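Analysis of the macromolecular model
So the chains spell out like this:
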Amino acid sequence: MAAPLLIAQLSDAHVGIDPADLGGLDTLAALRRAVAHVLTLAPAPDVVLFTGDLTERGIAAEYAQVVQALSPLPMPVYAVPGNHDDPSVAREVMRRFMPVADDAPDGTCCYRLEVGGLHLVALDTVVPRRSHGALDPARLAWLERTLDALSGLPVLVFMHHPPLPTGLSVMDRCSLMTGGETLAALIRHHGRVQGLLCGHLHRPVQMQFGGAPVHVAPSVAHQVDLDLRPEAPLRARLEPPKISLHRWLPDTGLCTHLSYVGGFGEPLVL
Ligand SMILES: [Fe+2]
């Protein structure tokens, strides 16, 4: 039996946010703690995927800090932009982390690659200067071509904006607002999409979409308050930060764990 593929998913670091806006939380330090946590995992993940909002303002100096914070990771790291990112600046500073496909729609960070027999498809959902996400006809056509080329092969899609509402009302108003129906149809038609990995919500959330599981990773920094009242305001909560750890095997698909960042003492032998 083949060894499982391990994928660490980090999301929503928002490097550059003023700590005063987050109860004193230094998001760059939080990203460094998440990276240090990944380095403690055994077995080590084969690849790290970053599902957007690497920075707060999408400026080059913030990306340089992200690159420096990620530099201790020995495994490949790949990223998609989020609504707080500037895809053109991100592509420029983080070229190694965003190997944009030659045939990607203009101005987008779409690409595909293969790790351990799993085909990873990076789908850029960013609408410049807007908080919601969208898949326009050019991106959907690229995805259709890409999935056609991967017919019969296991695929994992990663993107920033989740494709379905979750009951977090403010976030639901800025999730993937267009292109979702076609995305679901493409996933269903392909038939071997193992899952969609998303960020944006700053909470761990599971859903089903197009017959595939969707996993939304928590933030490595601040979480969004779990408040499902329709009138709930958008509030952050400094819950323990987490990363997602996905274990994939061709026969059994994706199994997702949450791994809390930080020291909790030595494990107790049971
Ligand atoms: Fe975010």
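Predicted, not measured: the structure shown is a model, and the values here were computed from it. (Residues numbered from 1 in each chain as written. Predicted model: local features only at pLDDT ≥ 70, side-chain atom pairs only at ≥ 80, totals over all residues. Heavy atoms only, no water.)

**Quick notes on the packing of aromatic side chains**
To keep things clear, this is the line we draw: The criterion for an aromatic pair is that two Phe, Tyr or Trp rings (for Trp, the six-membered ring) have centres within 6.5 Å, with stacked assigned to planes under 30 degrees apart, edge-to-face to planes over 60 apart and tilted to the rest. In this description a helix means any DSSP run of H or I spanning at least four residues, a strand means any run of E spanning at least two, and both kinds are numbered starting from the N terminus. A simple rule labels every residue: compare its accessible area, found with a 1.4 Å probe on the protein chains alone, to the largest value its type can have, and call it buried under 20%, exposed over 50%, or partly exposed in between.
By the definition in use, this model includes two aromatic pairs. A centroid spacing of 6.4 Å and a plane angle of 55° characterise the contact between Y78 and Y111, whose relative ring orientation is tilted. Taken together, the residues span a long stretch of sequence, with Y78 in strand β3 (residues 77–80) and Y111 in strand β4 (residues 111–115) at a distance of 33 residues. On the numbers, 6.1 Å between centres and 80° between planes, the contact of Y111 with F158 is edge-to-face. Taken together, the residues Y111 in strand β4 and F158 in strand β7 (residues 155–158) connect sequence positions 47 residues apart. Accessibility assignment for this pair places Y111 and F158 in one class, buried. By way of ring pairs, the aromatic residues Y78, Y111 and F158 are connected into one cluster.

**Some details on the sheet that holds strand β10 (residues 205–209)**
The following threshold applies: In this analysis, strands are considered paired if DSSP registers two or more bridges between them. For helices, the axis comes from a line fit to the C-alpha atoms of the stretch in contact; other axes are also lines fit to C-alpha atoms, and the angle between any two N-to-C directions lies between 0 and 180 degrees.
Overall, mixed pairing links the six strands, which are arranged β4-β5-β7-β9-β11-β10 in an open sheet. At either margin of the open sheet sits one strand with a lone partner, and together these are β4 and β10. Taking each pair of neighbouring strands and ignoring which way they run, the sheet shows an average axis angle of 20°. Examined bridge by bridge, β10 and strand β11 (residues 212–216) share five bridges and lie antiparallel to one another. Directly across from F209, in β11, lies its bridge partner A212.

**Concerning the packing of helix α1 (residues 27–40) against helix α2 (residues 60–70)**
When two helices pack together, their arrangement is given by the angle between the helix axes and the distance between those axes. Short version of the rule: Angle categories: roughly parallel below 35 degrees, roughly antiparallel above 145, roughly perpendicular from 65 to 115, and oblique for all the rest. In this scheme the crossing of two helices becomes right-handed for a clockwise turn of the near helix relative to the far one and left-handed for an anticlockwise turn of less than a right angle. Here a residue-residue contact requires only that any non-hydrogen atoms of the pair lie within 4.5 Å. By the convention adopted, Pro, Cys, Tyr, Trp, Phe, Met, Ile, Leu, Val and Ala count as nonpolar, Lys, Arg, Asp and Glu as charged, and the other residues, Gly among them, as polar.
Interaxial distance between α1 and α2 falls to 9 Å at its minimum, and their mutual angle equals 25°. As the angle between them shows, α1 and α2 are arranged roughly parallel. Two packed elements cross with a definite hand, and for α1 against α2 that hand is right-handed. Residue-level contacts link L28, L31, R32 and V35 of α1 to Q65, V66, Q68, A69 and L70 of α2. A class-by-class count of the residues in the contact of α1 with α2 yields six nonpolar, two polar and one charged.

**Some thoughts on empty space enclosed by the protein**
Put simply, the rule reads: Within this scheme a cavity is a closed region of a 1 Å grid, computed over the protein atoms alone, that accommodates a 1.4 Å probe without allowing it to escape, whereas a pocket is open but has protein on both sides within 12 Å along at least five of seven lines; lining residues each have an atom within 4 Å of a point. Grid points are joined across faces, edges and corners, and a volume is the space filled by probe spheres set on the points.
Enumeration according to the criterion identifies one cavity of 30 Å³ or more in this entry. Size it by volume and the largest cavity reaches roughly 70 Å³. L168, S169, V170, M171, V224, D225, D227, A232, P233, L234 and R235 together form the lining of the largest cavity. Tallying contributions element by element places helix α5 (residues 169–172) first for the lining of the largest cavity, with three residues. Its residues assigned to classes, the lining of the largest cavity comprises seven nonpolar, one polar and three charged.

**Some thoughts on the coordination of the iron ion**
Here is the rule: A 2.8 Å cut-off from the metal defines N, O and S donors, relaxed to 3.2 Å for Na, K and Ca; water is not in the atom list, so some sites may appear incomplete. Only two sets of limits are used to name each site, 85 to 135 degrees for every angle of a tetrahedral four-donor site, and over 155 degrees for opposite donors with all other angles from 65 to 115 for a square planar four-donor or octahedral six-donor site, with any other site named irregular.
Around the iron ion, the protein contributes the donor atoms D12 (OD), H14 (NE2), D53 (OD) and H202 (NE2), at 2.1 to 2.3 Å from the metal centre. If you look at the iron ion, its four donor atoms make angles of 88 to 177° with each other, and the shape they trace is irregular. Within one chain, the residues serving as donors to the iron ion are arranged as D-x1-H-x38-D-x148-H. With a gap of 190 residues between them, D12 in the loop between β1 (5–10) and α1 and H202 in the loop between β9 (193–198) and β10 connect regions that are remote in the sequence.

**Brief notes about helix α6 (residues 180–190)**
Heads up, the condition is: Each C-beta atom gives one direction from the helix axis, and the arc is the one those directions make.
G180, L183, A184, L186, I187 and H190 are the residues of α6 that are buried. For α6, the angular spread of the buried residues around the axis is 160°, confining them to a single face. Summarising the geometry of α6, the exposed residues directed more than 90 degrees from the buried face are E181, R188 and H189. Just downstream of α6 lies G191, where phi reads positive at about 85°.

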